[in-house]
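Tertiary structure, described
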Amino acid sequence: MRRRMRGTAVAAIALTSLMVVSACAKDSGGGATTPTGSGSACEFATPPAAAAATSTSAAEGKKVDGSALKIGLAYDIGGRGDASFNDLAAAGFDKAITDMGVKKENTRELSAAPNEDETAKQTRLRQLASEGFNPIVGVGFAYTESLKVVAPEFPNVQFGLVDSAVEGVTNVTPLVFAEQEGAFLAGVVAAYQSKNCHVGFVGGVDIPLIQKFEAGYNQGARTAAPKVKIDKKYITPAGDFTGFQDPPKGQEAAKGLIDKGADVLYPAAGASGIGVFAAVKEAGVLAIGCDADQYNQPALAANRDVIVASSLKRVDVAVYDFFHAAAGNDLASLPKVFDLKSNGMGYATSGGKIDAKLQGIVEGFKAQIIEGKIKVADKV
């Protein structure tokens, strides 16, 4: 009964946070000194020195006039207010409006509904295009099939597609990410924060997009601590996307990993992550957020003290850069992949739980990835 009540409580929390689909190389060397305060039992490979490699947005420093534009955004399930994936897209949309001088009446945002079919997505995109909005962004790979149909009907409209591509359709620009690079940094943090040298990964749905997070996380943890133990659990198999929308199952998956000994968990599980953080809080262990700076999400306020860091997937940067490039008729300037170098990926340490020494280690790994000295795998 107690377990059932916990699950119900997590489900209630989920109702206050709209749904979102967000949704690792071995090294060797002498053991490094554990950063102050980490308390980890791992033996660490010698970390890289902190370096000054920098990341920059494609649109940085350039001004364009968008006052004559009408721009549109088609959200994934949840829309503006989900405190994660869609809200990041909304932030990029808002910045584009402000920076480019787009008139408020020349903007439109439309949201998806749970369990809707492809016809609804096509209708949403057609509505925006037929009303003269151009450029338009579809937020999430769920729009892939719809854009295969709709984009050719409006050849003069530029569409951006977050997390996917439409092959052979020239007016659809893919806005894809090196999720594995941000997850690598999460893995480094997890290894250094683990007291058992045992960490865990919770995936929402067992699909290639989420496997990229797993691959990067594993590589980062094992590069930092070659003997670290890593367990994983996917909530649902490919094809069943409820794994991104089920906090009670997220809580159950996390509890299973914790029971095996994992004491730092990294969920790439959309709204199911709410349940993961609840399980982590109950067990007195730690977690790393995903996509957004989850320490600062209001929906996670009750459990945020367990979140020691977050990997950042800068959907806001990609959406802003797309609108900016389209306004300047310069879509070719966009990066093929939004990665650490293009400021499309990153990490946050809100909450003050990462000391300066560990932050320097993470910065060192980040610089090596940007410089190409570390290649992060995108498959497990």
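Since this is a predicted model, take the numbers as computed values, not measurements.

**So, the packing of helix α5 (residues 179-193) against helix α10 (residues 356-370)**
Helix packing geometry: the angle between the two helix axes and the distance between the axes. In the contact formed by α5 and α10, the axes pass within 10 Å of each other and the chain directions differ by 150 degrees. Relative to α10, the element α5 lies roughly antiparallel. Handedness of the crossing formed by α5 with α10: right-handed. Touching Glu181, Phe184, Leu185, Val188, Val189, Tyr192 and Gln193 of α5 are Leu358, Ile361, Val362, Phe365, Lys366 and Ile369, all from α10. Of the residues contributing to the contact of α5 with α10, the split by class is 10 nonpolar, 1 polar and 2 charged.

**As for the state of the cysteines**
Scanning the entire structure with this criterion turns up 1 disulfide. The partner cysteine of Cys42 in its disulfide is Cys197, sulfur to sulfur 2.0 Å. Here the disulfide of Cys42 and Cys197 is right-handed, its torsion about the S-S bond being about 105 degrees. Here Cys42, found in the loop between α1 (2-15) and β1 (71-77), pairs with Cys197, found in the loop between α5 and β6 (198-205); they are 155 residues apart in sequence, far enough to count as distant. The class of Cys42 is buried, set by a relative accessible area of 7%.

**Quick look at the sheet that holds strand β11 (residues 345-348)**
Sheet strands line up and pair through hydrogen bonds in the backbone, either parallel or antiparallel. Strand order in the open sheet made by the 6 strands is β7-β6-β8-β9-β10-β11, with mixed pairing throughout. The sheet terminates laterally at β7 (229-236) and β11, the two strands that pair on one side only. The average undirected angle you get between the axes of adjacent strands in this sheet is 20 degrees. Bridge analysis of strand β10 (residues 307-313) against β11 gives 4 bridges, and the strand direction is antiparallel. In the sheet register, Ser310 faces β11, and the bridge partner there is Ala348.

**What about the packing of aromatic side chains?**
For the coordinates displayed, the defined rule picks out 11 aromatic pairs. Pairing Phe44 with Tyr192 gives two aromatic rings, centres 3.8 Å apart and planes at 5 degrees, and the pair type is stacked. Remark: Tyr192 occurs in helix α5 and Phe44 occurs in the loop between α1 and β1; sequence separation between them is 148 residues. The two residues Phe44 and Tyr192 agree in class, both being buried. Ring geometry for Phe241 versus Phe244: centroids 6.3 Å apart, planes at 20 degrees, classification stacked. Look at Phe244 and you get buried, because its relative accessible area is 0%. Grouping aromatic residues by their ring pairs yields a cluster made of Phe201, Tyr217, Tyr234 and Tyr266.

**Examining the environment of Leu334**
Among the structural elements, Leu334 can be located in the loop between α9 (315-327) and β11. Separated by 161 residues in the primary sequence, Leu334 and Thr173 have C-alpha atoms spaced 9.2 Å apart. Those residues in contact with Leu334 that sit more than four places away from it in its chain are Thr173, Leu175, Asp321, Phe322 and Ala325.

**So, helix α2 (residues 85-100)**
The terminal C-alpha atoms of α2 lie 23 Å apart, and with 16 residues this matches the ideal 22 Å at 1.5 Å per residue to within 8%. Listed in full, the buried residues belonging to α2 are Phe85, Asn86, Leu88, Ala89, Ala90, Gly92, Phe93, Ala96, Ile97 and Met100. Tucked inside the fold, the buried residues of α2 contact β1, β2 (107-112), β4 (159-162), β10 and α9. Count one or two residues on from α2 and you reach Gly101, which has phi positive near 75 degrees.

**Some words on the pattern of salt bridges**
Tallying each qualifying case throughout the model produces 17 salt bridges. Between Glu145 and Lys148 there is a salt bridge; the shortest N-O distance is 3.1 Å. Here the residue Glu145 and the residue Lys148 both occupy positions in helix α4 (residues 144-150), the gap between them amounting to 3 residues, near one helical turn. Look at Lys148 and you get partly exposed, because its relative accessible area is 42%. A salt bridge links Lys255 to Asp259, with the shortest nitrogen-to-oxygen separation between them at 3.2 Å. A residue pair is termed a helical-turn pair when its members lie 3 or 4 positions apart in one helix, as Lys255 and Asp259 do in helix α7 (residues 247-259) at 4 residues. Assessed through its relative accessible area of 36%, Lys255 is described here as partly exposed. Three or more residues are tied together by salt bridges with common partners; here these are Asp163, Glu179, Lys212 and Lys313.

**Some details on the nonpolar core**
Ile210, Tyr266 and Phe323 are the most contacted members of the largest nonpolar core, which has 75 residues in total. Broken down by element, this core gets its largest block of residues, 9 residues, from α5.

**Let's talk about the pairing of β10**
Buried residues dominate β10, accounting for 7 of its 7 residues. Pairing between strand β9 (residues 286-289) and β10: 3 bridges, direction parallel. Each residue of the ladder has a partner; that of Ile288, found in β10, is Ala309.

Criteria and cut-off values
- Residues numbered from 1 in each chain as written.
- Predicted model: local features only at pLDDT ≥ 70, side-chain atom pairs only at ≥ 80, totals over all residues.
- Heavy atoms only, no water.
- Axes fitted to C-alpha atoms, helices over the stretch in contact; angles between N-to-C directions.
- Helix = DSSP H or I, 4+ residues; strand = E, 2+ residues; numbered from the N terminus.
- Parallel < 35°, antiparallel > 145°, perpendicular 65-115°, else oblique.
- Left-handed = near helix turned anticlockwise from the far one by under 90°.
- Contact = heavy atoms within 4.5 Å.
- Nonpolar A, V, L, I, M, F, W, Y, C, P; charged D, E, K, R; others polar.
- Disulfide = S-S within 2.5 Å.
- Buried < 20%, exposed > 50% of the residue type's maximum accessible area, 1.4 Å probe, protein only.
- Pairing = 2+ DSSP bridges.
- Phe/Tyr/Trp six-rings, centres within 6.5 Å; stacked < 30°, edge-to-face > 60°.
- Expected span 1.5 Å × (residues − 1).
- Salt bridge = Lys/Arg side-chain N within 4 Å of Asp/Glu carboxyl O.
- Core = buried A, V, L, I, M, F, W, Y, C linked by side-chain atoms within 4.5 Å.

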